[in-house]
Amino acid sequence: MAVNVEDNPYRAQSAEIIDIKQETDVEYTFRLAANMDLNCGQFLEVSIPGFGEAPISVSDFGTDWLELTIRRVGDLTDKIHELGIGDKLYLRGPYGNGFSLEEFKHRNLIIAAGGTGLAPVRSVINYFYDHPTEVNDFELLMGFKDPDSLLFERDIDRWKEKLEVLITVDQTCGVWGECVGLITEHIPKVNLSDVENTEVIVVGPPLMMKHTIKEFKKLNVPDDKIWVSYERKMHCGLGKCGHCKIEDNYVCVDGPVYNYAEIKDLKD
Amino acid sequence: MGYRLSKHDFSELLHKLQEDNKVYGPTCKEKKGTFSANDLVVYDQVADLNDLELTTKTKFSPKEIIFPIRQTMFYFTEDQQQIPQVDEESIIIFLRPCDRNAVKRLDEIFLENGPEEDIYYQRLRDKVKFFVLECTTGFDSCFCVTMDSNRVEPEEYTAFLRFEEDELECEVTDPDLEHLIQELGSEIEFNPQFKEEDETEVNLPPKEEITNDLFEHQLWTDYTRRCIACGRCNTACPTCSCFTVKDIVYEENSNCGERQRMWAGCHIDGFTEMAGGHNFRDEYGDRMRYKTMHKIYDFNERFGFDMCVGCGRCDDICPEYISFSNCINKLNQIIEEGE
Ligand SMILES: Cc1cc2nc3c(=O)[nH]c(=O)nc-3n(C[C@H](O)[C@H](O)[C@H](O)COP(=O)(O)OP(=O)(O)OC[C@H]3O[C@@H](n4cnc5c(N)ncnc54)[C@H](O)[C@@H]3O)c2cc1C
Ligand code: SF4
Ligand code: SF4
Ligand code: FES
């Protein structure tokens, strides 16, 4: 039987940019017209022919749109930042498992996110913001390098109305009213009186995740109540290219979201 | 069914098969080796039976026939993406049992792992007929018996061949081919023979005794000193299937170009490099550890059989004389001694 090359998992569909929000100097959120069946925390392979392809988390989505929050770091992401409304991006996916919201419903949920780590959980936060009766207690801790690297400010203002939000910046700043210090220093402040009924999501750069998890462990949060989203180099999203593999795991297929108990012993 | 036929007749048959098939096998390129006086034994198209090199191990495996070193995924212009066609012809590959078993590993990754089949692999793989070369003695560095890849089953080949002085004996499983061979040869009783003992003794550590404690062992640090991260062990390996995707833009018109994929290897710099320059296995010894675990443990955990087929090519090719089989033995010894 002949293989139909048109039915090709590497083939990307074009999607029009319908809105752009500048978050920081180096991070923009692009809203695209696209209709995809998505889970919170999944990612897409995003490309511009000639500039390459990269895995990017879906930072929020609705029925006929999705958002990508993209940090400018290299060939492709630099080029994406030059695009305007009406231009097109190429997408394939969604890939990965994403967060299972059922795990968090009617429980206490704590999310600790560092920097761009917020992107994969932004849709989780928005979901519970929109459905506040589906979660018991909700606390959000966000750590940023400095006030200028704050992401999703307009969301944060909204979130604060209904959710317990704590923002911290690593460095001291004069005019700014939020906490100062690493996110880890503020973890003892969260309400962990009912650990058995609490789920914790930790997302961010590798070092931040490591130390944050350590803090939660100190406060007796069991491994299987901690959830993470991993980042690895990826070239396919389909379990073929091998770049994302950790031991017998393919992060693009089995992850990027993991229960910490499952992967805490994986080395690299 | 088994047949015996003269080499001359088989050669005729091969010519006939070339009408609808591209035929690949081990070939010898005289004086093309690393030191120009050496011959280079590699896979290539064969026009004639005499082109087949049957006494030496090939430096590289036949994997590049179905998983090319560099492969165009799309040609793109400003608004269009076009997928390149492949030749109509079918493919015949002459190969030994270890290499046939290696294709099973590639199938697992490209066709079974993840949510969808890799069509670039699949469309070439679907065309392939395997002509397995009987191999009962192997070569110095082989350990296919240990890796359980010394045997092949009839459903895994179209023909199984045993070369004698002027004749050859074979088993044929494909009715069309059988039809052609019937006219040329005589029917015989034929039972494929397989290699039963490895010259290189390799002791695979028991899976249940492989733990993460071993990751920190001194053993790997030695490789940090010795390995130069050239990745030749990855390219020579018939089961290494990793690739990198890259866009190429044409000089004449920067709106046109192609998306290509090319072989990648876990020993080579940049394999895990992420935005911000973060790498996961900076130390070369950690890469050796990662590869070793993948070949004899992790793949098995996921798919139920070992990835390494024991062809020994990585040992043969390493410029630093790093022996993979030796590494497995050392690992086993460490486990046995409970260090
Ligand atoms: C599951 C997942 C989700 C991600 N989500 C986001 C997101 O929401 N927003 C965001 O801005 N970034 C995200 N990233 C990171 C993003 O993929 C990289 O920043 C991007 O690949 C850089 O591409 P580039 O062409 O601009 O850079 P390049 O010019 O290719 O390289 C710049 C740097 O990025 C590294 N890099 C290249 N390709 C990859 C790759 N495929 N994966 C990881 N690193 C790579 C290079 O090694 C180099 O250090 C995510 C990565 C993963 C794995
Ligand atoms: S790891 Fe070495 S011995 Fe094993 S299949 Fe690959 S090249 Fe052959
Ligand atoms: S061939 Fe030898 S030196 Fe080269 S990467 Fe492999 S182990 Fe290291
Ligand atoms: S991204 Fe290619 S295997 Fe995971």
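So, how was this worked out
Residues numbered from 1 in each chain as written. Chains lettered and ligands numbered in written order. Predicted model: local features only at pLDDT ≥ 70, side-chain atom pairs only at ≥ 80, totals over all residues. Heavy atoms only, no water. Phe/Tyr/Trp six-rings, centres within 6.5 Å; stacked < 30°, edge-to-face > 60°. Helix = DSSP H or I, 4+ residues; strand = E, 2+ residues; numbered from the N terminus. Buried < 20%, exposed > 50% of the residue type's maximum accessible area, 1.4 Å probe, protein only. Lys NZ or Arg CZ within 6 Å of the ring centre and 35° of its normal. Pairing = 2+ DSSP bridges. Axes fitted to C-alpha atoms, helices over the stretch in contact; angles between N-to-C directions. Contact = heavy atoms within 4.5 Å. Parallel < 35°, antiparallel > 145°, perpendicular 65-115°, else oblique. Left-handed = near helix turned anticlockwise from the far one by under 90°. Nonpolar A, V, L, I, M, F, W, Y, C, P; charged D, E, K, R; others polar. Buried area = accessible area lost by both parts, 1.4 Å probe. Salt bridge = Lys/Arg side-chain N within 4 Å of Asp/Glu carboxyl O. Polar contact = N/O pair within 3.5 Å; in protein donor to acceptor, adjacent residues only side chain to side chain.

Draft legend 1. Summary view of the packing of aromatic side chains. All told, the structure shown has 22 aromatic pairs over all chains when counted by the stated rule. Between Phe 67 of chain B and Phe 243 of chain B, the ring centres sit 6.4 Å apart and the planes meet at 65°, which makes this aromatic pair edge-to-face. Residue Phe 67 of chain B is found in the loop between helix H2 (63-66) and strand S4 (70-76), and its partner Phe 243 of chain B is found in strand S11 (residues 243-249); the two are separated by 176 residues along the sequence. Judged on exposure class, the residue Phe 67 of chain B and its partner Phe 243 of chain B are both buried. Put simply, the rings of Phe 67, Phe 110, Tyr 121, Phe 243 and Trp 263 of chain B pair up and form one aromatic cluster. Positioned above the aromatic ring of Trp 65 of chain A is the side chain of Arg 31 of chain A, whose terminal nitrogen or guanidinium carbon lies 3.7 Å from the ring centre. Above the face of the Phe 243 of chain B ring, Arg 261 of chain B is positioned so that its terminal group lies 4.5 Å from the ring centre.

Draft legend 2. Molecular detail of the sheet that holds strand S3 (residues 40-45) of chain B. Residue and element names in this part refer to chain B. Strand order in the open sheet formed by eight strands is S3-S2-S6-S7-S8-S9-S1-S10, and the pairing between neighbours is mixed. The open sheet is flanked by S3 and strand S10 (186-188), the only strands paired with a single partner. Neighbour to neighbour, the strand axes of the sheet diverge by 25° on average, direction disregarded. Note: strand S1 (residues 2-6) against S10, three bridges, orientation antiparallel. For Tyr 3, the partnering residue across the bridge sits in S10 and is Glu 187. Lying on the sheet, helix H3 (residues 97-112) is in contact with S3, strand S6 (90-95) and strand S7 (128-133); it crosses S7 at an angle near 150°.

Draft legend 3. Up close: the packing of helix H6 (residues 218-226) of chain B against helix H8 (residues 284-303) of chain B. Residues and elements named next belong to chain B. Contact geometry of H6 with H8 gives a least axis separation of 6 Å together with a crossing angle of 120°. By the angle between their directions, the pair H6 and H8 is classed as oblique. Crossing angle aside, the handedness with which H6 passes H8 is right-handed. Where H6 approaches H8, its residues Trp 220, Tyr 223 and Thr 224 are matched on the opposing element by Tyr 284, Gly 285, Asp 286, Met 288, Arg 289, Thr 292 and Met 293. Grouping the constituent residues of the contact of H6 with H8 by class yields five nonpolar, three polar and two charged.

Draft legend 4. Here's a closer look at the interface of chain A and chain B. Contact residues are listed per partner, giving 41 residues for chain A and 49 residues for chain B. A buried area of about 3900 Å², summed over both sides, lies between chain A and chain B, and 54% of it is on carbon and sulfur atoms. When the area that chain A buries against chain B is broken down by residue, the three leading residues are Tyr 10, Lys 240 and Asp 268 of chain A, summing to 18%. Along the contact surface separating chain A from chain B lie four salt bridges. Residue Glu 216 of chain B pairs with Lys 267 of chain A through a salt bridge whose shortest N-O separation is 3.7 Å. Across the chain A-chain B interface, the total number found is 22 residue pairs in polar contact (both at pLDDT 80 or more). Of all the secondary-structure elements, those providing two or more residues to the side of chain A that touches chain B are strand S3 (43-48), strand S4 (52-61), strand S14 (249-250) and helix H6 (251-254) of chain A. Here the residues of the side of chain A that touches chain B are counted per class, giving 18 nonpolar, nine polar and 14 charged.

Draft legend 5. Focus on the pattern of salt bridges. Per the counting criterion, the structure on display carries 38 salt bridges over all chains. In this structure, the salt-bridge partner of Arg 302 of chain B is Asp 254 of chain A, at a minimum N-O distance of 2.7 Å. On the criterion of chain membership, the pair formed by Arg 302 of chain B in helix H8 and Asp 254 of chain A in helix H6 is interchain, its members lying in two chains. Overall, Asp 254 of chain A belongs to the partly exposed group, its relative accessible area being 25%. A network of salt bridges, in which partner residues are shared, links Arg 31, Glu 67, Arg 122, Asp 155 and Arg 158 of chain A.

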